[in-house]
Amino acid sequence: MPLDAACLTALVGELRPQLEGAKVDKIFQPGRDELVLSLRNREGSCKLLLTANPSQPRLQFTEVSRENPAAPPMFCMLLRKHLTGARILSVTQPPMERLVDLELETLNELGDRVSRHLILEAMGRRSNLILTDENGRITDCLRKVDGELSQLRPVLPGLYYHLPPAREDKRNPQETDRETLAELLAAAPDEAEVSGWLLDTFSGLSPLICREIAYRAGGEVDVRLNRLDGAGRERLLDAFAAVLFAIEAAQPTVLFKNGEPKDFSFLPIRQYEGYWETKPRRLSST
């Protein structure tokens, strides 16, 4: 499963208590797209992995020892200069965005306390790691995006950082109550597949979660709206509400097929019952 915005919200909620207040001891860049922050918090030492790999962008705690290059990359050297010894003040995520902002407090060249932001944009092929100064100006970034690549949103040192443009054609599921969802369903095309309609209507939900809502409503992942009677539509409303609840009170689940981990989610997945095994597990160590 891609790390969708809903799962990322649950993950941030799990990470926040251990990250806020932690101090950055060391910084490594074992791979082109990977950073490892060695941290000290109230409970001891831990390592936070941040990766902007286009196929698997994420952040998580890790116990894996990765081999580091003999000569640290320039991005790593710059982060060491600005963030070694820094303290993490906050871990935030804009509503239903695939983006995590670590705000850190550190000392500048004059010895004054200043804030820095290390931002992970976990957005597929546009994934990036970006460092900004106290004024929101980009100090450096893992992937530089100039005007030829994106006239809408260049990402370059010296420019002010701006959030990715919001999808105005989709709704935030966390701002959609049961009554509003019922009204949207009543206006939806009868022939529409439930999972496809959910994916087209709401931001931040992956195909896996949309199929799960459809399965809980109609017993099939590809069920259409015209196959749902009144009880089925009530089950759909209940399943949607269960997803919203799980975003705030996650029940992390890993899916196994033939003993091998195949997928993960922030709530129990029922659509593979009888075929795949599910086990509870922390999102931050997945």
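Rules and cut-offs
Residues numbered from 1 in each chain as written. Predicted model: local features only at pLDDT ≥ 70, side-chain atom pairs only at ≥ 80, totals over all residues. Heavy atoms only, no water. Axes fitted to C-alpha atoms, helices over the stretch in contact; angles between N-to-C directions. Helix = DSSP H or I, 4+ residues; strand = E, 2+ residues; numbered from the N terminus. Parallel < 35°, antiparallel > 145°, perpendicular 65-115°, else oblique. Left-handed = near helix turned anticlockwise from the far one by under 90°. Contact = heavy atoms within 4.5 Å. Nonpolar A, V, L, I, M, F, W, Y, C, P; charged D, E, K, R; others polar. pLDDT = per-residue confidence, 0-100. Core = buried A, V, L, I, M, F, W, Y, C linked by side-chain atoms within 4.5 Å. Buried < 20%, exposed > 50% of the residue type's maximum accessible area, 1.4 Å probe, protein only.

1. Points about the packing of helix α4 (residues 194-201) against helix α5 (residues 207-218)
(1) Moving on: One way to put it is that α4 packs onto α5 with a least axis distance of 8 Å and a crossing angle of 135°. Considering their axes alone, α4 and α5 lie oblique with respect to each other. The interaxial crossing formed by α4 with α5 has right-handed handedness. From α4, V194, S195, L198 and L199 reach across to α5, where they touch P207, C210, R211, I213 and A214.
(2) Moving on: Residue composition of the contact of α4 with α5, by class: seven nonpolar, one polar and one charged.

2. A word on the confidence of the model for the protein
(1) Moving on: Averaged over the protein, the pLDDT score is 92; the fraction of residues at 70 or greater is 96%.
(2) Moving on: Considering each helix and strand of the protein separately, the mean pLDDT is smallest for strand β12 (residues 277-280), with a value of 76, and largest for strand β8 (residues 128-132), with 98.

3. Considering the side chain of R116
(1) Moving on: Position of R116 among the secondary structure elements: in strand β7 (residues 113-121).
(2) Moving on: In this structure R116 touches H82, L83, L102, E103, L104, T106, L131, T132, D133 and E134, once residues within four positions along its chain are discounted.

4. A look at the nonpolar core
(1) Moving on: Membership of the largest hydrophobic core comes to 73 residues, with the highest contact counts inside it found for L19, L39, L48, L102, W197, L236 and F266.
(2) Moving on: Here this core takes nine residues from helix α1 (residues 5-19), the largest share from any one element.
(3) Moving on: Those residues in contact with L236 that sit more than four places away from it in its chain are L181, L185, V194, I213, A217, L225 and L228.
(4) Moving on: Core analysis: the next-biggest nonpolar cluster, separate from the first, contains seven residues, L99, I119, I130 and Y161 among them.

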